[in-house]
Amino acid sequence: MADIERRFPCVADMEKAAKGRMPRFVHDYLIGGLGREDSVRRNVASLRDVLLMPRYLSDASAPDMAVTLFGRRFDAPFAVAPIGLAGLLWPGCEMPIAIAARRHNVPHVLSTFSNRSLEAIRPVVGENGWFQFYPPNDPAMEADMLARAEKAGYKTLVLTVDIPAPTRRERDIRNGLAVPPKLDLATMLQIATHPAWALHVLRHGIPEFENLSPYYPKGASLAASAEFVGKVMRGHLTAERTARIRDAWKGTLLVKGVLDPEEAVAYLALGADGVIVSNHGGRQLDAAPGAVEMLPLMRKRLGPEAVILADGGIRSGLDVARMIALGANMVLIGRPFIFASAAIGAGGADHLIGILKAELQATMAQLGCVAIADLPSALHSSRPA
């Protein structure tokens, strides 16, 4: 562990190492956005512009990082974000990430497009498991997936609303990204020159969408199955569809992908228990604002009691503090968990969570914040000088 700590004391070191261990077509999918990728860069850069005021006339030598959401206490105010295709990005990473989330008592949000099923992950992650739901436009499939999540024991559903239609991600078009990967000469060369990734594929198998495979047309080829997924996973989430899902889901409902405060009001009126302010990691609309811009407006519009989570560009415990200072109750972190898994292996997620906790605690001590609820009082500015 001492060696890992010295080699990877921060997310940036893991990100650099991960790039060298992943084939380009995989790495491009992980880090990329669309268009000029301005939104991806803004997510990270805008957080750096959020300034916090240090204060020392207090006793914050051992800050309490715990938060309580929906009656459950978590040891830190961040969660594992849903990561689609995680089992392709770094094969075999999904189980260790879930184990680390449970060990550190933080939420773990499993993607509909994960490569391990919701039934397989739930016993591993326990009560820390949330399920992120992309609603299909087939009502029978929608009802069955919700029933599966409830039967598996998930209590929190993260309803994601920001993929109404396919996007054009230029990196993926150039690389011909597919599941399974298209084994043309360029792809084979990338795999051959990244043996660690290739060995993980051999060990864990070619990934597939285990949450969706029960619904593929019987006897369909991989290409036909992919075409089926593309057809059913599209369409706007209308008020009628949202209300139907709210009626069917008896647990906590969070709506993810909300940027407009007035739309957030509408979702809450339809029965949502909270919203997640997110531009999908800069991967859906290159001109979209991010959480840094919208969180203060969202908090002002929804009021102090509303449950607001956020994601986008978080790379440190300091960034976690910044997001909470801007108005979030909790934040979600995605790409760094893949960086950590690729750089370190099965212990990567555990190491990453430990780093984030240590950074956040050190930040809170500098700010004189005894508890997470004190962080908004430390906000100095969210604009560059």
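These numbers were taken from a predicted model, which means no experiment stands behind them.

Go over the overall build of the protein, please, and point to the residues and values.
Of regular secondary structure, the protein possesses 18 helices and 12 strands. The C-alpha atoms of the protein give a radius of gyration of 20 Å, which matches the 21 Å a tight globule of 385 residues would have. Principal-axis analysis of the C-alpha atoms gives the protein an extent of 65 × 50 × 40 Å. For the protein, long-range pairs separated by at least 24 residues make up 74% of all intrachain contacts whose partners lie at least 6 apart in sequence. Measuring between centres, the 43 positive side-chain charges of the protein sit 3 Å from its 39 negative side-chain charges.

Please provide a residue-by-residue account of helix α17 (residues 335-344), values included.
The buried count for α17 comes to nine of 10 residues, which makes it a mostly enclosed element. Residues of α17 that are buried: R335, P336, F337, I338, F339, A340, S341, A342 and A343. After α17 finishes, the residue G345 shows a positive phi value of roughly 105 degrees.

Help me get a handle on the pairing of strand β8 (residues 252-258), residues and values and all.
Within a regular beta strand, the side chains point alternately toward one face of the sheet and then the other, so they alternate between its two faces. Burial analysis of β8 places seven of its seven residues in the buried class, the great majority of the element. Examined bridge by bridge, strand β7 (residues 156-160) and β8 share five bridges and lie parallel to one another. Bridge pairing in β8 places V158 opposite L254. Both β8 and strand β9 (residues 274-277) contribute to a ladder of four bridges, which runs parallel. Residue pairing across strands places V258 opposite V277, the latter belonging to β9. For the handedness criterion, the β-α-β arrangement of β8, helix α14 (residues 261-269) and β9 is classed as right-handed.

So what about the packing of aromatic side chains? Which residues, and what values?
Inspection of every chain in the model, using the stated rule, returns seven aromatic pairs. A centroid spacing of 5.2 Å and a plane angle of 50 degrees characterise the contact between F113 and Y134, whose relative ring orientation is tilted. On the criterion of sequence distance, the pair formed by F113 in the loop between β5 (108-110) and α7 (118-125) and Y134 in the loop between β6 (129-133) and α8 (139-152) is long-range, its members being 21 residues apart. For the pair formed by F113 and Y134, the shared burial category is buried. Through successive ring pairs, a cluster of aromatic residues spans F113, Y134 and F209. Across from the ring centre of Y29, 4.5 Å away, lies the NZ or CZ of R283, which sits over that ring.

Explain the side chain of S111 residue by residue, including any values.
Position of S111 relative to the elements: it lies in the loop between β5 and α7. Among the residues examined, S111 registers a relative accessible area of 3% and is labelled buried. The contact partners of S111, leaving out residues within four places of it in the chain, are P82, I83, G84, F131, Q132, Y134 and N211.

Outline unusual backbone geometry, listing residues and values.
In this structure, L85 is a non-glycine residue whose phi angle is positive, near 60 degrees. Mapped onto the elements, L85 comes out in the loop between β4 (78-80) and α5 (86-89). Classification of L85 by relative accessible area gives buried; the value is 8%.

Before we move on, could you go through the pairing of strand β10 (residues 308-311) and cite the residues and values that matter?
The two faces of β10 match: I308 and A310 on one face and L309 and D311 on the other face are all buried. As judged from the three bridges shared by β9 and β10, these two strands associate in the parallel manner. Pairing of V277 across the sheet is with A310, part of β10. With respect to chirality, the unit in which β9 leads through helix α15 (residues 291-302) into the neighbouring parallel β10 is right-handed. Note that β10 and strand β11 (residues 330-333) share three bridges and pair parallel. Among the inter-strand pairings, D311 is bridged to a residue of β11, identified as L332. Where the polypeptide runs from β10 across helix α16 (residues 317-326) and back to β11, its parallel neighbour, the crossover connection is right-handed.

Got a sec to walk through the pattern of salt bridges? Specific residues and values, please.
Scanning the entire structure with this criterion turns up 16 salt bridges. Between R24 and D28 there is a salt bridge, and its shortest N-O distance comes to 4.0 Å. Remark: D28 and R24 occur in helix α3 (residues 24-31); sequence separation between them is four residues, near one turn of the helix. Its salt-bridge partner being D311, residue K256 comes within 3.4 Å of it at the nearest N-O pair. Note that K256 is positioned in strand β8 and D311 in strand β10, a separation of 55 residues in sequence. When sorted by exposure, K256 lands in the same class as D311, which is buried. In the salt-bridge network here, residues are joined through shared partners; they are R24, D28, E37 and R171.

Go over the side chain of H280, please, and point to the residues and values.
In this fold, H280 is placed in the loop between β9 and α15. If sequence neighbours within four positions are ignored, H280 has contacts with Y134, T160, D162 and I163.

Residue-level account of helix α11 (residues 195-204), with values.
Every α-helical turn comprises 3.6 residues, leaving residues that sit three or four positions apart pointing alike. Inspection of α11 places W197, A198, H200 and V201 among the buried residues, and these make up the whole buried set. An end-on view of α11 places all buried positions within 160 degrees of arc, on one side of the element. In this structure, α11 carries L202 and R203 as exposed residues pointing more than 90 degrees from its buried face. Where α11 is buried, its residues touch α2 (11-21), α3, α5 and α10 (185-192). A positive backbone phi angle near 90 degrees is found at G205, which sits one or two residues after α11.

What counts, and where the lines are drawn
Residues numbered from 1 in each chain as written. Predicted model: local features only at pLDDT ≥ 70, side-chain atom pairs only at ≥ 80, totals over all residues. Heavy atoms only, no water. Helix = DSSP H or I, 4+ residues; strand = E, 2+ residues; numbered from the N terminus. Rg over C-alpha atoms; globule rule 2.2 N^0.38 Å. Contact = heavy atoms within 4.5 Å. Lys, Arg positive; Asp, Glu negative; His and termini not counted. Charge placed at Lys NZ, Arg CZ, Asp CG, Glu CD. Buried < 20%, exposed > 50% of the residue type's maximum accessible area, 1.4 Å probe, protein only. Pairing = 2+ DSSP bridges. Right-handed = clockwise from strand over helix to strand, strands pointing away. Phe/Tyr/Trp six-rings, centres within 6.5 Å; stacked < 30°, edge-to-face > 60°. Lys NZ or Arg CZ within 6 Å of the ring centre and 35° of its normal. Salt bridge = Lys/Arg side-chain N within 4 Å of Asp/Glu carboxyl O. Arc of directions from axis to C-beta.

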